[in-house]
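# Inside the fold
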Amino acid sequence: MNTSRPSFLLAALLLASPLVQAAAPRPIPPLLPEDAAAAEADYQRYCALCHGADRAGHANDHAPSLKSESLLRTAFPWLLRESIAYGRPGTPMGGYLDEVGGPMSLDEVRRMVIWLREKGGSPEPLRLGSERVAGDAQAGAAVYAQHCASCHGGQGEGGTGTALGNPAMLATTPDKFLRHAIEHGRDGTPMEGFAGTLSPTQMDDVTAFLRSRATGWNAEPRPLVPPPALADAVLNPDGEAPEFEFKNGHYITAADLDRILKEKRRLVLLDTRVASMWQLAHIKGSVPIPYYSDPEAVIGSLPKDGTWIISYCECPRAAADSVNRFLREEGFKNTAVLWEGIGGWVALGYPTSVGRADP
Ligand code: HEC
Ligand code: HEC
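The following paragraphs examine the structure supplied in this document. Not measured: the values here are computed from a predicted model. (Residues numbered from 1 in each chain as written. Chains lettered and ligands numbered in written order. Predicted model: local features only at pLDDT ≥ 70, side-chain atom pairs only at ≥ 80, totals over all residues. Heavy atoms only, no water.)

## Let's talk about the overall build of the protein chain
Check the secondary structure of the protein chain and you find 16 helices and six strands. Computed over its C-alpha atoms, the radius of gyration of the protein chain comes to 27 Å, more than 25% above the 21 Å expected for a compact globule of 359 residues. Each of the three principal axes of the protein chain carries a C-alpha extent, and together these read 75 × 50 × 35 Å. Taken across its 359 residues, the protein chain has 45% of its residues classed as buried. (Helix = DSSP H or I, 4+ residues; strand = E, 2+ residues; numbered from the N terminus. Rg over C-alpha atoms; globule rule 2.2 N^0.38 Å. Buried < 20%, exposed > 50% of the residue type's maximum accessible area, 1.4 Å probe, protein only.)

Laid out in structure tokens, this is it:
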């Protein structure tokens, strides 16, 4: 590991995120000969097996070229760094960072990134920006099937070409990175540019299609379920009041909550997390009252007749605690917060419902 000069590597790669790529380019100082030699040794030891001794790719497992100018111009430094550090789970490309069990330190990964660029002739990075490419994903699906599936796989699983449906790849590549590869190809590889074959609109469409696969190749768009109205928040309106003992002040344990729900006691259960999390999974019968809700609407709709109001969020309990404090200040007497949070609730094996599956 290079301990002598980690700071310049840091400076060179500080502008690492695609969001700041549009900022003024900074000159990247060249590697010292001993650092370049160490990077080359790492490369031959760890990478040559698949990416080839000469970095041309396709030595094994269809590993892509690491010398194509098109890649080095658009992927330097952040995509190279992310791909090397964390890999592409689900493909032969593993993560090389020690943090995930790999053999390289972060400085060694950074040194490798600079070395790859220098070996490729230090092409000027293209600052593509992170704006979305607007396109018709459905039309793009047809373009994909006709022009791309033969190499990239019918489900984006990869073949001769990279796995374009890989969630790690899609999570780390802005639209314009994909769009650039589609238009210009990857020089020296089977990936030819589609500039002459497809219209700009078709290239936008297929980019939008790939982007739309980011949550899974066959994932259906999930319809959002309208949450129950606050006015209908009281569970078991004819039930008895729940009985339980507070834990640590104003908390109820998951075991007690599970029991009083099964006993069909009269109570209100509030999910105080951001409402998208209620859609993903929630405790059955809960009403989403995100911590950012309009206080007046909440006070006006909740029963003030002593009905128990139990709030939960993730653990630690910040959101539910703040809603609970607010309710007490407003004069709601019987309130409690789920001690374990929904994370603990799930971990202990208690059931949840999915927003979209609820009747
Ligand atoms: C066992 C084979 C294998 C080894 C060893 C390997 N890679 Fe990879 N690498 C791959 C494959 C396959 C992909 C494409 C994965 C995909 O389909 O998304 C890939 C992708 C990449 C990418 C992303 C390129 C792009 O166009 O998106 C980079 C960068 C990369 N590898 C660098 C490295 C480096 C540096 C090393 C050594 C530290 C290394 N790889 C070792 C197989 C390998
Ligand atoms: C003849 C086979 C072939 C066809 C057809 C093809 N590709 Fe590729 N594609 C490849 C290969 C091989 C690579 C990896 C290039 C390399 O070695 O660097 C690649 C790379 C890419 C990349 C870069 C991925 C990355 O992580 O760097 C994108 C994006 C891409 N292709 C999109 C497409 C799209 C969209 C189509 C259809 C319009 C298409 N390709 C058609 C073979 C092909």
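## Some details on the site of ligand 1
In the vicinity of ligand 1, 21 residues are found, and the nearest of them are Cys47, Cys50, His51, Met93 and Ala163. His51 places a side-chain nitrogen or oxygen 2.7 Å from a nitrogen atom of ligand 1. The contact in question runs from an oxygen atom of ligand 1 to an N or O atom on the side chain of Arg88, over 2.9 Å. Within the residue set of the shell around ligand 1, elements represented by two or more residues are α3 (48–51) and α5 (78–86). Here the shell around ligand 1 takes three residues from α5, the largest share from any one element. Class assignment of the residues belonging to the shell around ligand 1 gives a composition of 15 nonpolar, four polar and two charged. (Near = heavy atom within 4 Å. Polar contact = N/O pair within 3.5 Å; in protein donor to acceptor, adjacent residues only side chain to side chain. Nonpolar A, V, L, I, M, F, W, Y, C, P; charged D, E, K, R; others polar.)

## Things to note about the environment of Val225
Mapped onto the elements, Val225 comes out in the loop between α11 (200–212) and β1 (234–235). Relative accessible area serves as the criterion here: at 16%, Val225 is assigned to the buried category. Spatially, the C-alpha atom of Val225 lies 35 Å from that of Tyr86, the residues being 139 residues apart in sequence.

## Comments concerning the layout of surface pockets
Taken as a whole, the second largest pocket encloses approximately 270 Å³ of empty space. Counting residues per element, the lining of the second largest pocket draws most heavily on helix α12 (residues 254–262), at three residues. Tallied by class, residues from the lining of the second largest pocket come to five nonpolar, four polar and four charged. (1 Å grid on protein atoms, 1.4 Å probe; cavity = no way out; pocket = protein on both sides within 12 Å on 5 of 7 lines; lining within 4 Å. Points joined across faces, edges and corners; volume = space filled by probe spheres on them.)

## Quick word on helix α7 (residues 137–147)
Buried within α7 we find Gly140, Val143 and Tyr144. The arc enclosing the buried residues of α7, seen along the axis, measures out at 100°, which places them on a common side. Opposite the packed face of α7, turned more than 90 degrees from it, sit the exposed residues Gln138, Ala145 and Gln146. Where the residues of α7 are buried, they touch α8 (149–152) and α11. (Arc of directions from axis to C-beta. Contact = heavy atoms within 4.5 Å.)

## Brief notes about the coordination of the iron atom of ligand 2
The iron atom of ligand 2 binds to the protein through His152 (NE2) and Met191 (SD), with metal-donor distances spanning 2.0 to 2.2 Å. The site at the iron atom of ligand 2 holds six donor atoms, and with the angles between them running 86 to 178°, its shape is octahedral. Of this pair, His152 sits in helix α8 while Met191 sits in the loop between α10 (175–184) and α11, and the two are 39 residues apart along the sequence. For His152, a relative accessible area of 10% translates into the label buried. Assessed through its relative accessible area of 21%, Met191 is described here as partly exposed. (Donors = N, O, S within 2.8 Å, 3.2 Å for Na, K, Ca; no water. Tetrahedral: all angles 85-135°; square planar, octahedral: opposite > 155°, others 65-115°.)

## Quick word on a negative patch on the surface
There is a patch of like negative charges on the surface, built from Asp294, Glu296, Glu329 and Glu330. Given a relative accessible area of 59%, Glu296 falls into the exposed group. (Patch = residues over 30% accessible without salt bridge, like charges linked within 9 Å, V, L, I, M, F, W, Y side chains within 5 Å. Areas by Shrake-Rupley, 256 points an atom, 1.4 Å probe, with all protein chains shown as cover. Salt bridge = Lys/Arg side-chain N within 4 Å of Asp/Glu carboxyl O. Lys, Arg positive; Asp, Glu negative; His and termini not counted. Charge placed at Lys NZ, Arg CZ, Asp CG, Glu CD.)

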